[in-house]
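This is what each chain is made of:
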Amino acid sequence: MEDLNISPRKISFSPPDISELEINEVADCLRSGWITTGPRTKELEKRLAEYVGTSKCVCLSSATASEELNLRILGIGEGDEVIVPAYTYSASAAAAIHVGATVVFVDSQKDSPEMDYDAMEAAITEKTKAIIPVDLGGVVCDYDRIFEVVERKRDLFNPSGNNDLGQRIQKALGRIAVVADCAHALGSSWHGKMAGSIADFTSFSFHAVKNFTTAEGGASVWRDIPGIDNDEIYKWFQLYSLHGQNKDALAKSQLGSWEYDIIAPLYKCNMTDIMASIGLRQLDRYQDLLQRREVIIDEYNRMCDSLGLEHIRHSGEDYKSCGHLYIVRIPGISDEQRRDVIVKMAEQGISCNVHYKPLPMMTAYKSCDHVKDGGVDIKDFPNAYHLYENEITLPLHTLLSDEDVKYIVYWFTKIVQGL
């Protein structure tokens, strides 16, 4: 360490950035006596809708629940196909399986984790009801290309829907629905539009490792659909998330309003006011948090460019990422060498990660009745595997000090140069 004036330290991969503002708001919530879905959740929904530029937002218990309910609102189920990138986290595919649909995996582009859009187009059949693009690391996909494809494939689309609202939405769209997985992308923008206002339906994650957190939690948003009442869509999200009960706890608390009906035996995935308390104060701080991420990303970019490493590009002429992950690829190294780099970083107290091990490598998807053809083999997704085998994700969070960043840059540079 003689050539670095920084003492050894322990650097976590992605701890939550919680200030006294969040702590005090949670304490106020606990003292209020209202801790389940209530006024704070409703306020967070209103503010998030304004932030992303949609008419409505529904806060739920997770992004997975949000994505699943997006598909249920669309009436997607048994006999339908949903196209999902092979290079993503399990939730992107699991939500489609939860509703009974068949997942059709698509390989990545050769040098990008985005789907191969030509392969995506080739995968569309008369059974395809939705495509789930994934805005990995906060970098927004090429939605122009995606929408161009689904518009051109209108003649193959057969509106169906296993519920009345889903049938009407599918008929109103008249094409395959674009249902974005924006788990990483709150605050990202593309062609001047905020993530959340681009796809037909969008899910966000507020898990503890995300830029914006409510500990657990997530949200669904959607674009206005001609002929469909946004209040009706919102009502059905509420029903799906609260046992099919036609009044939430806040509505039932009004004088004489104890009685309610259960209109269907549905699910339980609502957000609590305790969670929303964290989110409200996170939202107050969010722009400052994003700006700090930009500073760290600039330091990592300089390092990677000097080493000749491939890395995620968080901004460009027509897009700006929220900077959720810093993904690096070391050209020419093997999976074994990549693992050794991660171990050597850990020996210096620096936690790194990998985003992601492609789903065709996971036991759950190698043999699965709800994956097309009964399962998948990673050999059929060479680009996804190539992206995975030499990928390392560096710590990127707002609790990193300038000295922490220098420490990471020093050791990563030293270890990579020693390969």
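Rules and cut-offs
- Residues numbered from 1 in each chain as written.
- Predicted model: local features only at pLDDT ≥ 70, side-chain atom pairs only at ≥ 80, totals over all residues.
- Heavy atoms only, no water.
- 1 Å grid on protein atoms, 1.4 Å probe; cavity = no way out; pocket = protein on both sides within 12 Å on 5 of 7 lines; lining within 4 Å.
- Points joined across faces, edges and corners; volume = space filled by probe spheres on them.
- Helix = DSSP H or I, 4+ residues; strand = E, 2+ residues; numbered from the N terminus.
- Nonpolar A, V, L, I, M, F, W, Y, C, P; charged D, E, K, R; others polar.
- Pairing = 2+ DSSP bridges.
- Salt bridge = Lys/Arg side-chain N within 4 Å of Asp/Glu carboxyl O.
- Phe/Tyr/Trp six-rings, centres within 6.5 Å; stacked < 30°, edge-to-face > 60°.
- Buried < 20%, exposed > 50% of the residue type's maximum accessible area, 1.4 Å probe, protein only.
- Lys NZ or Arg CZ within 6 Å of the ring centre and 35° of its normal.
- Contact = heavy atoms within 4.5 Å.

Novice: Explain the layout of surface pockets here, please?
Specialist: Rolled over the atoms, a probe with the dimensions of a water molecule shows which regions are left empty. Of the voids in this model, the largest pocket is the one considered here, and its volume is about 510 Å³. Of all the elements in the fold, those that place two or more residues in the lining of the largest pocket are helix 3 (63-73), helix 4 (90-98) and strand 10 (201-205). The greatest single-element share of the lining of the largest pocket, amounting to three residues, is contributed by helix 3. Considering only residue class, the lining of the largest pocket consists of twelve nonpolar, twelve polar and five charged. The wall of the second largest pocket is formed by 20 residues, among which Ser 112, Pro 113, Val 139, Ile 312 and Arg 313 lie closest to the centre. At the level of elements, strand 5 (112-115), strand 12 (310-311) and strand 15 (326-329) are the ones that each hand at least two residues to the lining of the second largest pocket. At three residues, the largest contribution of residues to the lining of the second largest pocket is made by strand 5. Tallied by class, the residues present in the lining of the second largest pocket amount to eleven nonpolar, two polar and seven charged.

Novice: Would you explain the sheet that holds strand 15 in this entry?
Specialist: Pairing between sheet strands relies on hydrogen bonds along the backbone, with the strands arranged either parallel or antiparallel. The strand order 12-15-16 describes an open sheet built from three strands, whose pairing is antiparallel. Of all strands in the sheet, those bounded by a partner on one side alone are strand 12 and strand 16 (391-394). Across four bridges, the pairing between strand 15 and strand 16 is antiparallel. In the sheet register, Arg 329 faces strand 16, and the bridge partner there is Glu 391.

Novice: Mind showing me how you'd approach the pattern of salt bridges here?
Specialist: Two side chains with opposite charge may pair up if their charged atoms get near one another. All told, the structure shown has 31 salt bridges when counted by the stated rule. The shortest N-O distance in the salt bridge between Glu 81 and Lys 372 comes to 3.4 Å. Of the two residues, Glu 81 is situated in strand 2 (residues 81-85) and Lys 372 in the loop between helix 12 (363-366) and helix 13 (382-389); the sequence distance between them amounts to 291 residues. With a closest N to O distance of 2.6 Å, Arg 281 and Asp 284 form a salt bridge. Placement of the pair is Arg 281 and Asp 284 together in helix 10 (residues 273-307), with a separation of three residues, close to one helical turn.

Novice: Quick question: what am I supposed to make of the sheet that holds strand 13 (residues 315-316) here?
Specialist: Taken in spatial order, the four strands line up as 9-8-14-13 in an open sheet, and their pairing is antiparallel. Only two strands of the sheet have a single neighbouring strand rather than two, namely strand 9 (193-194) and strand 13.

Novice: I tried to follow the packing of aromatic side chains on my own but got confused; where do I start?
Specialist: One pair of aromatic rings is described through two measures. These are the centre distance and the angle between the planes. Inspection of the entire model under this criterion finds 13 aromatic pairs. Judged by centre distance (5.7 Å) and plane angle (85 degrees), the ring pair of Phe 212 and Tyr 286 falls under edge-to-face. Separated by 74 residues along the polypeptide, Phe 212 in the loop between strand 10 and strand 11 (218-222) and Tyr 286 in helix 10 bring together distant segments of the chain. The two residues Phe 212 and Tyr 286 agree in class, both being buried. With a centroid separation of 5.8 Å and 55 degrees between ring planes, the pair formed by Tyr 385 and Tyr 388 is classed as tilted. Taken together, the positions of Tyr 385 and Tyr 388, both in helix 13 and three residues apart, correspond to about one turn of that helix. The rings of Tyr 51, Phe 206, Phe 212 and Tyr 286 are connected pair by pair, giving a single aromatic cluster. One Lys or Arg, Arg 9, reaches over the ring of Tyr 407 and ends 5.5 Å from the middle of that ring. In this structure, Arg 338 is placed above the aromatic ring of Tyr 388, and the distance from its NZ or CZ to the ring centre is 4.5 Å.

Novice: How do you make sense of the environment of Gly 256 when you look at a structure like this?
Specialist: Structurally, Gly 256 is set in the loop between helix 9 (249-252) and helix 10. Of the residues examined, Gly 256 reaches a relative accessible area of 75% and is grouped as exposed. Here the alpha-carbon distance between Gly 256 and Ile 392, two residues 136 residues apart in the chain, equals 58 Å.

Novice: Would you take a moment to explain unusual backbone geometry for this structure?
Specialist: Residues apart from glycine generally show negative phi values, whereas peptide bonds are mostly found in trans. Omega for the bond connecting His 355 with Tyr 356 falls within 30 degrees of zero, at 0 degrees, which places this linkage in the cis form. Inspection of the secondary structure assignment puts Tyr 356 in the loop between helix 11 (335-347) and helix 12. Although it is not a glycine, His 191 adopts a positive phi angle of roughly 50 degrees. Residue placement: His 191 occurs in the loop between strand 8 (189-190) and strand 9. With a phi close to 85 degrees, Ala 215 is a non-glycine residue in the positive phi region.

Novice: Is there a simple way to explain the environment of Met 120 in this structure?
Specialist: Here Met 120 shows up in helix 5 (residues 117-123). As a C-alpha pair, Met 120 and Val 104 span 16 residues in sequence and 9.3 Å in three-dimensional space. When near neighbours in sequence (up to four residues on either side) are disregarded, Met 120 contacts Ile 83, Val 106, Met 115, Ile 131, Ile 146 and Val 149.

Novice: What's the story with the pairing of strand 5 in this structure? I'm lost.
Specialist: Consecutive side chains along a regular strand alternate between the two faces of the sheet. Alignment of strand 4 (residues 108-109) against strand 5, held across two bridges, turns out to be antiparallel. The partner of Ser 108 across the bridge, within strand 5, is Met 115. Between the end of strand 4 and the start of strand 5, which pair antiparallel, lie two residues.

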